[in-house]
Amino acid sequence: KGLHEEMSIPLYFGWFLLPTIQEKVRCTSMDFLKTLDTLEAFKKHMTDFAGGAEKEVDLEQYFKAKGNLHCTTKFCDYGRAQGAKEYAEKPVVNELYGSAFELSLTALFVTPRTVGARVSLSEEQLVLWPADAEKEAEAAVPGAASLALGSRAHVTLGCAEGVQPVQTGLDLLEILVLQQEGQQGELVEEMELGTLAYYGKGRWLLSLREPICVPACFSSGYR
Ligand code: ACK
């Protein structure tokens, strides 16, 4: 396959948060981590984050930021990923390429691997969502295939040392599978931003009282 042919399909398509908004979302995320770190309930489960060791964890240091804030629709791997070419050629993808959207962030979540924001997609945003995004995760997250379309939509806010950002969506799916099985999580605290629940194994979900609406441009990333 020629270089040009491979380069014309991006690493991924997605909604990219506008720069000024990125700053705000990062601040909100940092504030949340700072607050979580001080909660007695979090300290009680701290060993989840320290590989079982009884040591203090500074969440703000624990997670490393991963480039531009975005919500991936389709990971294409420059055309190597399954369905990449078909997605890149979809009329709706080309029609909406470069248009402005407003994403709704409805929850923040933290696990020993990742920190992220859940994105609740509208009907008009779901037209850009690949039909098999949740099914593709089934091997990594049993039960994911039966979740609603768009369940995997997220913004990666940070990853622990050595963790790849693809993990963030899988961590979100894991929590949503537990919810679908009827687990509401252990209600921990009413915080200013919303309700904090613990789902075991270091999984924390803050359901936001008011969704955070962020302007974002549908486009593609090459690295
Ligand atoms: O944080 P993310 O959604 O996780 O944004 C990045 C983006 O593509 C560029 O790397 C996501 N990503 C990486 N590998 C995959 C994959 N196999 N399936 C779905 N998304 C992926 C990553």
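Residues numbered from 1 in each chain as written. Predicted model: local features only at pLDDT ≥ 70, side-chain atom pairs only at ≥ 80, totals over all residues. Heavy atoms only, no water.

### So, the layout of surface pockets
Here is the rule: Buried and open spaces are told apart on a 1 Å grid over the protein atoms alone, a cavity being a set of points where a 1.4 Å probe fits but cannot get out and a pocket being an open set with protein on both sides within 12 Å along at least five of seven lines. Residues with an atom within 4 Å of a point are the lining residues. Grid points are joined across faces, edges and corners, and a volume is the space filled by probe spheres set on the points. Numbering of helices and strands runs from the N terminus, with a helix taken as a DSSP run of H or I at least four residues long and a strand as a DSSP run of E at least two residues long. Lys, Arg, Asp and Glu make up the charged group, whereas Ala, Val, Leu, Ile, Met, Phe, Trp, Tyr, Cys and Pro make up the nonpolar group; the residues left over, Gly among them, are polar.
The calculated volume of the largest pocket comes to roughly 780 Å³. If you go around the largest pocket, you meet 31 residues; those closest to its centre are Y12, H70, T72, F75 and V166. Secondary-structure elements contributing two or more residues to the lining of the largest pocket are β1 (12–17), β3 (70–75), β6 (154–160), α8 (166–180) and β9 (204–221). It is β3 that contributes the most residues to the lining of the largest pocket, 5 residues altogether. Here the residues of the lining of the largest pocket are counted per class, giving 13 nonpolar, 13 polar and 5 charged.

### Here we look at the environment of D171
Put simply, the test is: Contacts were defined at the residue level, with two residues in contact if any of their heavy atoms lie within 4.5 Å. As used in this structure description, the phrase polar contact means that two N or O atoms lie within 3.5 Å; if the pair is within protein, one of them must be able to donate a hydrogen and the other to accept it, and residues adjacent in sequence are counted only when both atoms belong to side chains.
Locating D171 in the fold gives a position in helix α8. Distance from D171 to V141, taken between C-alpha atoms, is 8.4 Å for residues 30 residues apart in sequence. The contacts of D171, once residues within four sequence positions are left out, are F109, T111, R113 and T114. A polar atom in the side chain of D171 sits 2.6 Å from the side chain of T111. One polar contact links D171 to R113, side chain to side chain, over a distance of 3.0 Å.

### Describing the site of the ligand
How we decide: Here a residue is near a molecule or strand as soon as one of its heavy atoms is found within 4 Å of it. Per-residue accessibility takes into account occlusion by the displayed protein chains alone, with areas from the Shrake-Rupley method and a 1.4 Å probe.
The ligand sits among L11, Y12, H70, T72, F75, R152, H154, T156, P165 and V166. Between the ligand and H154, the relevant distance is 3.0 Å, taken from an oxygen atom to a side-chain nitrogen or oxygen of the residue. P165 is positioned such that a nitrogen or oxygen atom in its backbone is 3.3 Å from an oxygen atom of the ligand. When the ligand sits alone it has 450 Å² of accessible area, and the protein chains cover 76% of it. When contributions to the shell around the ligand are tallied by element, the ones reaching two or more residues are β3 and β6.

### Quick notes on empty space enclosed by the protein
Applying the stated criterion across every chain yields a total of 1 cavity of 30 Å³ or more. In this model, the largest cavity occupies a volume close to 30 Å³. Elements represented by at least two residues in the lining of the largest cavity include exactly α2 (19–38) and β4 (100–110). Counting residues per element, the lining of the largest cavity draws most heavily on α2, which supplies 3 residues. Among the residues making up the lining of the largest cavity, the classes are represented as 5 nonpolar, 2 polar and no charged.

### Some words on α8
Note the following rule: Helix span, expected: 1.5 Å multiplied by one less than the number of residues in the helix. Here's how the labels work: a residue is buried when its accessible area is under 20% of the maximum for its type, exposed when over 50%, partly exposed in between, all with a 1.4 Å probe on protein chains only.
The end-to-end C-alpha distance of α8, which contains 15 residues, comes to 22 Å, matching closely the 21 Å that a straight helix rising 1.5 Å per residue would cover. Taken as a whole, α8 has its buried residues at T168, G169, L170, D171, L172, L173, I175, L176, V177 and L178. The inward-facing, buried residues of α8 contact β4, β5 (114–119), β6 and β9. Once α8 finishes, G182 follows within two positions and takes phi at roughly 100 degrees, a positive value.

### Some points on the pattern of salt bridges
Our working rule: We define a salt bridge as a side-chain nitrogen of Lys or Arg found within 4 Å of a carboxyl oxygen belonging to Asp or Glu.
Applying the stated criterion to the full structure yields 7 salt bridges. D77 is the salt-bridge partner of R80, the closest N and O atoms lying 3.3 Å from each other. Judged by its relative accessible area of 53%, R80 falls in the exposed class. A relative accessible area of 21% means that D77 is categorised as partly exposed. Here E89 makes a salt bridge to K85, at a shortest N to O gap of 3.2 Å. Remark: K85 and E89 occur in helix α5 (residues 84–89); sequence separation between them is 4 residues, near one turn of the helix. Since its relative accessible area comes to 44%, K85 is described here as partly exposed. Counted as one network, the salt bridges with shared partners bring together R113, D171, E174 and R203.

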